[in-house]
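Fold and contact review
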Amino acid sequence: MSRIYIALDLETTGLHAERDAIIEIGAVKFRVGTESENTTLASWSTFVNPGRSIPYRTSRLTGITQREVERAPHLRVALEQLAAFVGNYPIVGHNIAFDLGFLQRHNCLVGNASLDTFELASILLPQAPRYSLAQLADHLGLDLESHHRALEDAIATQQLFTRLWQIACQLPHDVIAVINTVASNSPWSLRSFFAAVARQQTTSGKALPASLAPSLPLVPPPLTGRSAPSPVLNADALAALFSRDAAIGRTLPRFEERPQQVQMLRGIVQAFNRGEHLLVEAGTGTGKSLAYLLPAIFQAVASNSPVVISTNTINLQDQLFNQDLPTLATALEPLGVHFQAAILKGRTNYVCPHRLELFMRRLQFNAIEARALARLLVWLPVTQTGDRSEVALQSDEEALWLEVCADPESCRPDACTARNACFFQRARAAALGSHVLIVNHALLLTDLAVETGQPILPTYEYVVIDEAHHLEARASEQFGARLSRQQLEQLCLRLHDPRERRPTGLLPTIAARCEPLRSGAAAEVQRQCGLLGREVEQITRDIAPLFDTVREALAPWAGRGGGDYDHNIRLKREIRLSGGWRRVIEATALLDRFDRLADRLVALHAQLRTGDLGLGEEVVEPLGRLGRDLRSIQQELRRIIVEPEANDIGWVSLSPKRDDVLFHRAPLHVASHLASGLFRSKRSVILTSATLQSEGSFDYIRERLGLEPRGGSQPRRYRELSLGSPFDYRQSALVYVPTDVPEPNSPNYAQTLHRALIDLGRATRGRMLVLLTSKSQLRGVYRAISDPLANDDIVVLGQYMDGGRRQLLERFKTAQRCVLLGTQSFWEGVDVAGPALSCLVIARLPFPVPTDPVFSARAETYEDHFLQYAVPQTVIRFRQGFGRLIRSAEDRGVVALLDSRVFTKSYGSIFLNSLPAADIRFGPFRDLPPLAERWLANQPPYQKPSDMASATAD
Ligand code: SF4
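The shown structure was predicted, so the numbers you read here are calculated from the model rather than taken from an experiment.

1. Considerations on the pairing of strand 22 (residues 893-897)
With 5 of its 5 residues buried, strand 22 lies for the most part within the structure. A two-sided burial pattern is seen for strand 22, the buried positions comprising Gly893, Val895 and Leu897 on one face and Val894 and Ala896 on the other. Here 4 bridges tie strand 17 (residues 733-738) to strand 22, and the two strands are oriented parallel to one another. Paired with tyrosine 736 across the bridge in strand 22 is alanine 896. Here strand 21 (residues 839-842) runs beside strand 22; their pairing, made up of 4 bridges, is parallel. Bridge assignment links leucine 840 to a residue of strand 22, and that residue is valine 895.

2. Focus: the site of the ligand
For the ligand, the full set of nearby residues is Cys352, Pro353, His354, Ala406, Cys411, Pro413, Cys416, Cys422 and Gln425. Its atoms largely coinciding with the cavity grid, the ligand occupies the second largest pocket. Class assignment of the residues belonging to the shell around the ligand gives a composition of 7 nonpolar, 2 polar and no charged.

3. Notes on empty space enclosed by the protein
Applying the stated criterion across every chain, the model contains 2 cavities of 30 Å³ or more. Its volume calculated, the largest cavity comes out at about 50 Å³. Every residue along the wall of the largest cavity is listed here: Arg355, Leu358, Phe359, Arg362, Glu403, Glu618, Glu621, Pro622 and Arg625. Among the secondary structure elements, those contributing two or more residues to the lining of the largest cavity are helix 15 (353-360) and helix 27 (617-641). Here the lining of the largest cavity gets 4 residues from one element, more than from any other, and that element is helix 27. Of the residues assigned to the lining of the largest cavity, the class counts are 3 nonpolar, no polar and 6 charged.

4. Describing the layout of surface pockets
Empty space within the second largest pocket amounts to approximately 560 Å³. Every residue lining the second largest pocket is counted, 29 residues in all, and those nearest its centre are His354, Ser410, Arg412, Glu617 and Glu621. Counting residues per element, the ones that place at least two in the lining of the second largest pocket are helix 15, helix 18 (423-432), helix 26 (589-610) and helix 27. Among the elements that make up the lining of the second largest pocket, the one with the highest residue count is helix 27 (4 residues). Tallied by class, residues from the lining of the second largest pocket come to 13 nonpolar, 7 polar and 9 charged.

5. What about the pattern of salt bridges?
Evaluated as defined, the whole model comprises 45 salt bridges. When the shortest N-O distance is used, the salt bridge between glutamate 743 and lysine 905 registers 3.8 Å. Of this pair, glutamate 743 sits in the loop between strand 17 and helix 31 (749-763) while lysine 905 sits in the loop between helix 36 (901-904) and helix 37 (908-913), and the two are 162 residues apart along the sequence. Since its relative accessible area comes to 34%, lysine 905 is described here as partly exposed. Salt-bridge contacts for aspartate 831 lead to arginine 887; the nearest nitrogen and oxygen are separated by 2.8 Å. Separated by 56 residues along the polypeptide, aspartate 831 in the loop between strand 20 (818-822) and strand 21 and arginine 887 in the loop between helix 35 (865-882) and strand 22 bring together distant segments of the chain. According to the relative accessible area criterion, aspartate 831 is partly exposed, its value standing at 38%. Under the relative-accessibility criterion, arginine 887 is labelled buried at 3%. Several salt bridges share partner residues, and in doing so they unite Glu119, Arg371, Arg375, Asp396 and Glu397 into one network.

6. Remarks on the domain arrangement of the protein
On domain assignment, one finds that the protein holds domain 1 (3-170), domain 2 (483-555 + 586-644) and domain 3 (729-951). Look at where the C-alpha atoms of domain 2 and domain 3 centre, and you get two points 51 Å apart.

7. Observations concerning the packing of helix 13 (residues 288-303) against helix 14 (residues 314-332)
One can describe the packing of helix 13 onto helix 14 by two numbers: an axis separation of 11 Å at closest approach and a directional angle of 60 degrees. In terms of their interaxial angle, helix 13 and helix 14 are classed as oblique. You can see that helix 13 and helix 14 cross each other, and the crossing is right-handed. Contacts between helix 13 and helix 14 involve Ser289, Leu290, Tyr292, Leu293, Leu294, Ile297 and Phe298 from the former and Leu316, Gln319, Leu320, Asp324, Leu325, Leu328 and Leu332 from the latter. Classifying every residue of the contact of helix 13 with helix 14 gives 11 nonpolar, 2 polar and 1 charged.

8. A short note on the packing of aromatic side chains
What the rule picks out here adds up to 25 aromatic pairs. Arranged with centres 5.8 Å apart and planes meeting at 70 degrees, the rings of phenylalanine 547 and phenylalanine 663 form a pair that is edge-to-face. Pair noted here: phenylalanine 547 is in helix 23 (residues 520-554) and phenylalanine 663 is in strand 14 (residues 660-667), with a separation of 116 residues, a long-range link. The two residues phenylalanine 547 and phenylalanine 663 agree in class, both being buried. Ring pairs connect the aromatic residues Tyr5, Phe30, Phe161, Trp165, Trp188, Phe193 and Phe194, which therefore count as one cluster. The positively charged end of arginine 388 is found above the aromatic ring belonging to tryptophan 401, 5.5 Å away from the centroid. Arginine 805 extends its terminal NZ or CZ atom over the ring of phenylalanine 826, reaching a point 5.3 Å from the ring centre.

9. Looking at unusual backbone geometry
One non-glycine residue with positive phi stands out, namely asparagine 304, at about 50 degrees. Looking at where asparagine 304 falls in the secondary structure, it is placed in the loop between helix 13 and strand 7 (307-311). Residue asparagine 304 is classed as buried on the basis of its relative accessible area, which comes to 16%. Positive phi values are uncommon outside glycine, yet arginine 518 reaches one of about 50 degrees. Here arginine 518 is to be found in the loop between helix 22 (506-514) and helix 23.

10. Describing the sheet that holds strand 1 (residues 3-12)
Pairing within the open sheet is mixed, and its 5 strands lie in the order 3-2-1-4-5. Looking along the sheet, the strands with just one partner apiece sit at the ends: strand 3 (39-47) and strand 5 (114-116). Within the sheet, the average angular offset between the axes of one strand and its neighbour, ignoring direction, is 25 degrees. The sheet contact formed by strand 4 (residues 91-93) and strand 5 spans 3 bridges and is parallel. When the bridges of strand 5 are listed, isoleucine 91 appears paired with serine 114.

11. Considering the environment of valine 92
Along the chain, the position of valine 92 falls in strand 4. Relative accessible area serves as the criterion here: at 0%, valine 92 is assigned to the buried category. Spatially, the C-alpha atom of valine 92 lies 58 Å from that of isoleucine 268, the residues being 176 residues apart in sequence. Apart from residues lying up to four places away in sequence, valine 92 is in contact with Tyr5, Ile6, Ala7, Leu8, Phe30, Leu115, Thr117, Thr157 and Phe161.

12. Structural notes on helix 26
Given 3.6 residues per turn, any residue in an α-helix points the same way as the ones three and four places further on. Here helix 26 is 22 residues long and its end C-alpha atoms lie 33 Å apart, about the 32 Å a rise of 1.5 Å per residue gives. The elements touched by buried residues of helix 26 are helix 21 (485-495), helix 22, helix 23, helix 25 (579-587) and helix 27.

13. A closer look at helix 35
The first and last C-alpha atoms of helix 35 sit 24 Å apart over 18 residues, in line with the 26 Å expected at 1.5 Å per residue. The largest bend along helix 35 measures about 30 degrees and falls at valine 871, with the proline proline 872 one to four residues further on. Three or more residues of helix 35 are buried, namely Tyr869, Ala870, Val871, Pro872, Thr874, Val875, Ile876, Phe878, Arg879, Gln880, Gly881 and Phe882.

14. Side note on the nonpolar core
In this structure, Phe193, Phe194, Leu344 and Leu687 are the most contacted members of the largest nonpolar core, which totals 98 residues. Setting aside residues no more than four positions away along its own chain, leucine 687 makes contact with Leu278, Leu279, Val280, Ile465, Ala468, Leu471, Phe679, Leu692, Leu705 and Leu707.

15. Quick word on the environment of glutamine 263
In this structure, glutamine 263 sits in helix 12 (residues 259-274). Sequence-distant contacts of glutamine 263, that is, excluding residues within four places in its chain, are made with Leu721 and Leu723.

16. A closer look at the side chain of glutamate 621
Relative to the helices and strands, glutamate 621 is located in helix 27. By relative accessible area, which is 14% here, glutamate 621 ends up buried. Discounting residues that sit within four places of it in the chain, glutamate 621 has contacts with Arg355, Asp407, Ser410 and His605.

What counts and how
- Residues numbered from 1 in each chain as written.
- Predicted model: local features only at pLDDT ≥ 70, side-chain atom pairs only at ≥ 80, totals over all residues.
- Heavy atoms only, no water.
- Buried < 20%, exposed > 50% of the residue type's maximum accessible area, 1.4 Å probe, protein only.
- Helix = DSSP H or I, 4+ residues; strand = E, 2+ residues; numbered from the N terminus.
- Pairing = 2+ DSSP bridges.
- Near = heavy atom within 4 Å.
- 1 Å grid on protein atoms, 1.4 Å probe; cavity = no way out; pocket = protein on both sides within 12 Å on 5 of 7 lines; lining within 4 Å.
- Sits in = over half its atoms within 2 Å of the grid points.
- Nonpolar A, V, L, I, M, F, W, Y, C, P; charged D, E, K, R; others polar.
- Points joined across faces, edges and corners; volume = space filled by probe spheres on them.
- Salt bridge = Lys/Arg side-chain N within 4 Å of Asp/Glu carboxyl O.
- Domains from an automatic or database assignment.
- Axes fitted to C-alpha atoms, helices over the stretch in contact; angles between N-to-C directions.
- Parallel < 35°, antiparallel > 145°, perpendicular 65-115°, else oblique.
- Left-handed = near helix turned anticlockwise from the far one by under 90°.
- Contact = heavy atoms within 4.5 Å.
- Phe/Tyr/Trp six-rings, centres within 6.5 Å; stacked < 30°, edge-to-face > 60°.
- Lys NZ or Arg CZ within 6 Å of the ring centre and 35° of its normal.
- Expected span 1.5 Å × (residues − 1).
- Bend = angle between axes of the 7 residues up to and from the residue.
- Core = buried A, V, L, I, M, F, W, Y, C linked by side-chain atoms within 4.5 Å.

Written as structure tokens, this is what we have:
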């Protein structure tokens, strides 16, 4: 049965419906149904006279000129024509809320149903890399004529929708049937789409396999370990594999022998053999992942027990698992060395089929839940991992994920009927049978913190921690806590939500299920649910006043300036002794009520579990868990607000943007946790990164991580190894330090910086990454340089403004003339080899914000906090930033260091001395642009290294 839709797109002068104007409208009327019924019926488009100038940026993006819109109809006329074209048909658009926001302000298309192809694609194409219209068109092989013109985008939307319709019709009948069951009792906007698919499917759909979950491949049997003494690896034999004619040299395309790589391997072999810990800094280009994976494989195979590799980022995990380990498997196979490898994540990363099924038995869902469930139901039959990173959950779907992910509290594998389809149990079984087990720092640390119950990781003695400069930050999160007002309110609303005419939530659901049972026991449970519901409602009302009291108490410390930024206020002694904080403590009487409520929920849960009312596990199980969650939240809040422990740093974030209050706790020192969990209990821990040292010493990182507690007298069981980069920085990089740029805190700095970036951007024709240190600085730079550089056809992309990190990096890599502005996360992990990144600007030294609660609390433990604490961590960050420029031996580039403190301050030389041996020049800024232009022009043409060679550059 075919249906008619209208695909719609607008071009506008900006992103804000209240203050920006429509300049073009495009619409296509089309039909979807069977293959032969899919057709275009009509199309319509018009320019719209906005009665104002079109911003240059919009004109550049769309190609629409002022002349074209000046001759066009005014908005009222255009909207009348649009309404006549659309009629009552449903509207389809990509991010349709944006377009409707502009139209409905003018009362246009207010009553039409709308369907969002972005939302639909994110459900039906869980494996798509991105969901922009252009990227989806690319992913599906659709012909996108031109982008950012209304009619072309409307046509692309039509094509996308038609393809999504076909994909949905090809889904198994049962998947569509379950989605329709889930959606039928919800106000979800895509409900009609899936209902139409079900009607269409009568002949074309595929039969569903027996279960919604896929059949999972077999996993290897667990490693058994050997009781013999630890094996001794032969360093010479392993090092020989890295020669050009040996196993690895022959397997890697364009293999280069690197002495640093072999030195690193020898260092690790020695540490494994002697049972020592090793700190190893290996510069960019060492190929350190292969240098540690090879000994790890041989160690694990010889001992038949796992070696754990921990990383901070998913990118590195992917590289290790999908590139490096398969390469080594190929290289080692002729030698008769076979090994298993696996990635394991924290339990909550995996969907739990049992909990998902229980959740769906509730039958009543809101629109967000219906959308999230549809997403999971489409994904479940095709996933092999059950890993949430494969499915594009929206932020408002997080709460549902917590209801359906693997959860230690409710997991009883021996009694679980879904165990054979369980992704987590399978991943864990694969981990138990693997020689090389890749995890992230969060899981490694979670496992260290397991005091009771079963650890997730198998027993291991050897661990390599890559990106180890992040270990302290991850440990601070892992051994700390974070709680928000919204989190607490959400928890209460899951129990009892009075916002609808009839209350919803777990307690009313249980009460409703008791209704038809007509027994005394059921009536008693109903009564208890009623009482508890009223108590939850009252407590939910009282949460806001508690948090308001916190806001008021902290107002004197919240700083001025307002804006969108979070204010992080450390709960120092002076605050804790203030009258305002005393009122907060008085208000924590509410926490006693949480505690009593938690007790009653847990008691009701126990009663329902042991009773014979048969209410269903899907409502009984969450009751106990919510009770326990409530109790642990109140304990954590009490600890932060009232009874901090000696090693605690407590702080509050006031977030004006989200209107939320967040409580945080982090340990003052993580060293003791790491010392007991890692350094004293594992035989050999290898800590590695391209940046571990400051002033040529490991002292700072060693002390922060607890390898040598200050004043401690432990025997030395660790060694250090510092390996420079194999790259020739004298050839590949020119570092220029202007001597006439004012210091960053002086009044003229911003203006000088903006001018410098415009001149340098023109000289290098874009191809420039600018590292900044705050959002406000980034916004100021973005505003100041975008238009002047646009006149030279150079696009400026800003973090937070022009898309997510991955998207920005993709655009930066492929654009011809582009300047990318980034803060924080862009100081590391940016890997753009070749001419796209020819100039790196470090606008100022990345010192921590002095008022940052964790930084300030830890700084107070030093005699000279600036030199002993602030400088070393800034040097590590600075070196990470510098490392963005040269990513392969063929790379060439210019670094502009625009912070004059490197030569005006006594500590400045520490930063300059921390750089690899490059050509460093000083001079007036005016000399830099022509010098950079000449220097880059004189470099040899860039030769792209093979993927594998670049993947192993770190
Ligand atoms: S074994 Fe545990 S995690 Fe796996 S499906 Fe069953 S309850 Fe869920």
